[in-house]
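Chain residues, written in single-letter form:
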2 protein chains.
Amino acid sequence: MGKQDKAWHQSPHETLRVRDGFSITDFDFAGTPGFTGDKKDGKHLLKARGTHLSDLQEQLFAEGRADGTRSVLLVLQGMDTAGKGGIVRHVLGMVDPQGVQHHSFGVPTQKERSHHYLWRIEKALPSAGKIGVFDRSHYEDVLVVRVHELVPPDVWGKRYDEINAWEQRRIDEGTRIIKCALMVSPQEQLERLSQRLDRPDKHWKFNPGDIDERGYWDAYMEAYQAVFDRCSPDAAPWYAIPADRKWFARMAVTELLAATLEAMNLEWPAADFDVDAQKARVSALRK
Amino acid sequence: MGKQDKAWHQSPHETLRVRDGFSITDFDFAGTPGFTGDKKDGKHLLKARGTHLSDLQEQLFAEGRADGTRSVLLVLQGMDTAGKGGIVRHVLGMVDPQGVQHHSFGVPTQKERSHHYLWRIEKALPSAGKIGVFDRSHYEDVLVVRVHELVPPDVWGKRYDEINAWEQRRIDEGTRIIKCALMVSPQEQLERLSQRLDRPDKHWKFNPGDIDERGYWDAYMEAYQAVFDRCSPDAAPWYAIPADRKWFARMAVTELLAATLEAMNLEWPAADFDVDAQKARVSALRK
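Residues numbered from 1 in each chain as written. Chains lettered and ligands numbered in written order. Predicted model: local features only at pLDDT ≥ 70, side-chain atom pairs only at ≥ 80, totals over all residues. Heavy atoms only, no water.

**Observations concerning the packing of helix α9 (residues 159-172) of chain A against helix α12 (residues 217-230) of chain A**
Residues and elements named next belong to chain A.
Phase 1 of the analysis: Where α9 meets α12, the closest approach of the two axes is 10 Å, and the angle between their N-to-C directions is 45°. As far as their axial angle goes, α12 and α9 are oblique. Two packed elements cross with a definite hand, and for α9 against α12 that hand is right-handed. Here Tyr160, Asp161 and Asn164 of α9 come into contact with α12, specifically with Ala226, Val227 and Arg230.
Phase 2 of the analysis: For the contact of α9 with α12, the per-class residue count stands at three nonpolar, one polar and two charged. (Axes fitted to C-alpha atoms, helices over the stretch in contact; angles between N-to-C directions. Helix = DSSP H or I, 4+ residues; strand = E, 2+ residues; numbered from the N terminus. Parallel < 35°, antiparallel > 145°, perpendicular 65-115°, else oblique. Left-handed = near helix turned anticlockwise from the far one by under 90°. Contact = heavy atoms within 4.5 Å. Nonpolar A, V, L, I, M, F, W, Y, C, P; charged D, E, K, R; others polar.)

Structure, rendered in structure tokens:
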């Protein structure tokens with residue numbers, strides 16, 4: 001923890017949390033707020049904290065097996081190339097796959113469209129003891145839907161309150177929600193799109209539509225600002241994560257996850273059987 | 001590959017595969033067939049092959065995104081403490097969680113029992129581009145079900161052929177099936193149960209019923225032998241994996257997975273757009 005104390009002079013729970021007055025206009029996409037180290041320090045710390053995160057995750061999993069009801073949900077949002085996939089691979093990849101329930105939300109299928117927009121979200125919620133990860137989420141229903149006017153303003157306009165109420169119910173049921181917006185700058189996005197085009201092994205990640213979407217950048221930022229303004233209650237605030245430096249974003253999400261699990265005061269479940277009696281049975285079998 | 005060639009003098013696809021004449025009675029639960037190295041060599045190799053496996057998995061994932069239909073299904077069976085969970089954590093934990101669909105099959109729920117026994121299995125099949133992992137599987141319906149006579153013999157007796165036919169359909173649809181039986185000895189199981197009792201952080205993994213089940217060891221081995229004898233067609237053979245040495249079992253499953261993916265001749269999907277035209281769009285945006 002010594003190394004960590006040195007590197008994080010302020011917790012990302014404090015520095016990255018969206019509060020009243022937060023404005024994307026003033027956001028430093030390449031910043032490393034609260035962190036004094038460099039990329040190398042960040043990578044070392046990621047590994048150390050990953051081990052810690054993995055230990056905490058196992059305790060959460062054990063609690064779920066022992067009739068616990070708590071779970072964690074990590075919501076990832078961000079523009080194309082912001083690094084959502086990298087978070088899954090490099091952060092969630094540090095914990096036991098048994099304990100992770102990952103779900104990517106793409107363009108809704110016909111069946112999904114025939115239901116309320118929260119229907120497919122609810123189906124993908126993590127079960128007790130699990131860390132759920134949403135790569136995109138119900139927030140698309142007030143982001144891409146708003147930007148492209150896929151439904152009228154009076155329809156999406158009601159969704160902010162509805163989402164807050166829905167999330168509160170999940171929290172009441174025992175799910176901690178961590179909402180991370182990976183904030184990449186338009187300049188960095190262009191670099192990343194360009195890299196994808198330069199490498200044949202990255203072509204599958206490229207979609208010409210991604211360039212079209214850049215044309216709506218300002219509208220997207222306005223939609224993100226509305227999400228931040230209207231959906232950051234104390235129980236489930238947004239964290240705006242500078243994402244131009246991938247190592248920082250990964251380290252920050254790891255820290256947010258670890259701190260959330262720490263705050264749950266997880267303990268190994270007590271035996272629901274007589275330990276000595278079972279030890280005696282094992283001893284008898286040894287003879 | 002030099003190190004690997006030295007360590008594996010014979011592929012686990014050959015040495016561990018269940019063939020005609022295989023008998024559990026002669027099985028060496030602590031063996032390391034085909035491998036000349038020790039635990040340290042094994043751990044090094046696991047890491048190296050894990051990186052390779054992770055690369056292959058990304059190609060499989062990319063293929064799935066590009067309208068591919070192929071997938072991989074790893075079926076894990078084994079007595080309690082055989083190390084199924086450890087395979088998930090230490091082998092599948094080496095690849096991107098986005099590409100893994102993990103499912104544990106416990107005692108069927110009331111809803112599951114109201115359906116055909118393959119119903120819940122079918123629902124959990126990996127989608128295109130994914131590696132599915134079954135921690136226990138449809139084979140429980142001819143293992144625990146047979147041992148405890150949960151259904152009459154004429155009912156479970158028909159299941160072997162039914163399972164073969166069902167698996168063949170999955171293979172025809174593009175799923176490679178790797179069936180791994182983690183074979184732990186009764187002596188080693190007792191050690192592991194004892195360790196779980198000694199450590200309060202492992203109590204949640206202990207179930208007094210596990211000791212009761214030991215009483216049916218021979219019946220289980222008979223049921224496993226029947227599974228091996230009747231459900232090892234060339235297209236989806238069983239691999240009997242010595243599991244008394246955890247490091248060996250993990251390394252062997254990694255190797256089986258990697259070799260399976262290698263044999264799929266995966267390639268990065270070709271761009272379905274005009275790469276030069278898109279590069280020109282990006283260049284124009286740079287100005």
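Moving on from the coordinates now.
**Overview of the relation of the copies chain A and chain B**
Phase 1 of the analysis: With an RMSD of 0.0 Å, chain A superimposes on chain B once it is rotated by 180° and translated 0.0 Å along the axis. Each copy turns onto its partner about a two-fold axis.
Phase 2 of the analysis: Mapped onto chain B, 100% of the interface residues of chain A are again interface residues, and the two copies thus contact each other with one and the same surface. (Least-squares fit on C-alpha atoms with pLDDT ≥ 70 in both.)

**Remarks on the pattern of salt bridges**
All names here are of chain A.
Phase 1 of the analysis: Overall, the coordinates contain 42 salt bridges over all chains when judged by the stated rule.
Phase 2 of the analysis: Put simply, aspartate 234 and arginine 17 hold a salt bridge, and the shortest N to O gap is 2.8 Å. In this pair, aspartate 234 sits in the loop between α12 and β5 (238-242) while arginine 17 sits in the loop between α2 (12-15) and α3 (39-65), placing the two residues 217 residues apart along the sequence.
Phase 3 of the analysis: Accessibility expressed as a relative area gives 21% for arginine 17, which makes it partly exposed.
Phase 4 of the analysis: For the salt bridge of glutamate 188 with arginine 192, the shortest nitrogen-to-oxygen distance reads 2.8 Å. (Salt bridge = Lys/Arg side-chain N within 4 Å of Asp/Glu carboxyl O. Buried < 20%, exposed > 50% of the residue type's maximum accessible area, 1.4 Å probe, protein only.)

**Points about helix α10 (residues 186-198) of chain B**
Phase 1 of the analysis: For α10 of chain B, with 13 residues, the first-to-last C-alpha span of 18 Å sits near the 18 Å given by 1.5 Å per residue.
Phase 2 of the analysis: Among the residues making up α10 of chain B, those that are buried are Gln189, Leu190, Arg192, Leu193, Ser194, Arg196 and Leu197 of chain B.
Phase 3 of the analysis: Close packing links the buried residues of α10 of chain B with α14 (275-286) of chain A together with α11 (208-214), α12 (217-230) and α13 (246-262) of chain B. (Expected span 1.5 Å × (residues − 1).)

**Points about the interface of chain A and chain B**
Phase 1 of the analysis: Listed as interface residues are 43 residues of chain A and, on the opposing side, 43 residues of chain B.
Phase 2 of the analysis: Taken together, the two surfaces of chain A and chain B that pack against each other cover about 4,100 Å², and 62% of this comes from carbon and sulfur.
Phase 3 of the analysis: Among the salt bridges present, the one from aspartate 198 of chain A reaches lysine 279 of chain B, with a minimum N-O distance of 3.7 Å.
Phase 4 of the analysis: Our count for the contact surface shared by chain A and chain B stands at 14 residue pairs in polar contact (both at pLDDT 80 or more).
Phase 5 of the analysis: Mapped by element, the contributors of at least two residues to the side of chain A that touches chain B are α3, α4 (84-90), α10 (186-198), α11 (208-214) and α14 of chain A.
Phase 6 of the analysis: Tallying contributions element by element places α14 of chain A first for the side of chain A that touches chain B, with seven residues.
Phase 7 of the analysis: A per-class count over the side of chain A that touches chain B returns 19 nonpolar, nine polar and 15 charged. (Buried area = accessible area lost by both parts, 1.4 Å probe. Polar contact = N/O pair within 3.5 Å; in protein donor to acceptor, adjacent residues only side chain to side chain.)

**Some words on the packing of aromatic side chains**
Residue and element names in this part refer to chain A.
Phase 1 of the analysis: In this structure the tally under the stated criterion is 30 aromatic pairs over all chains.
Phase 2 of the analysis: Ring centres of tryptophan 8 and phenylalanine 248 lie 5.9 Å apart, and the angle between their planes is 55°; on these two criteria the pair is classed as tilted. With tryptophan 8 in the loop between α1 (2-7) and α2 and phenylalanine 248 in helix α13 (residues 246-262), this pair connects stretches of sequence that are 240 residues apart.
Phase 3 of the analysis: Its relative accessible area of 6% is what places tryptophan 8 among the buried residues. (Phe/Tyr/Trp six-rings, centres within 6.5 Å; stacked < 30°, edge-to-face > 60°.)

**Overview of the nonpolar core**
Phase 1 of the analysis: Counting 79 residues, the largest nonpolar core has Phe228 and Ile241 of chain A as the members making the most contacts within it.
Phase 2 of the analysis: Among the elements that line this core, the one with the most residues is α13 of chain A, at 10 residues.
Phase 3 of the analysis: Discounting residues that sit within four places of it in the chain, isoleucine 241 of chain A has contacts with Leu16, Phe27, Cys180, Ala181, Leu182, Met183, Ala249, Ala252, Val253 and Leu256 of chain A.
Phase 4 of the analysis: In this structure, Phe22, Phe29, Leu92 and Leu261 of chain B belong to the second largest nonpolar core, which totals 78 residues. (Core = buried A, V, L, I, M, F, W, Y, C linked by side-chain atoms within 4.5 Å.)

Keep in mind that these numbers describe shape and distance, not what the molecule does.
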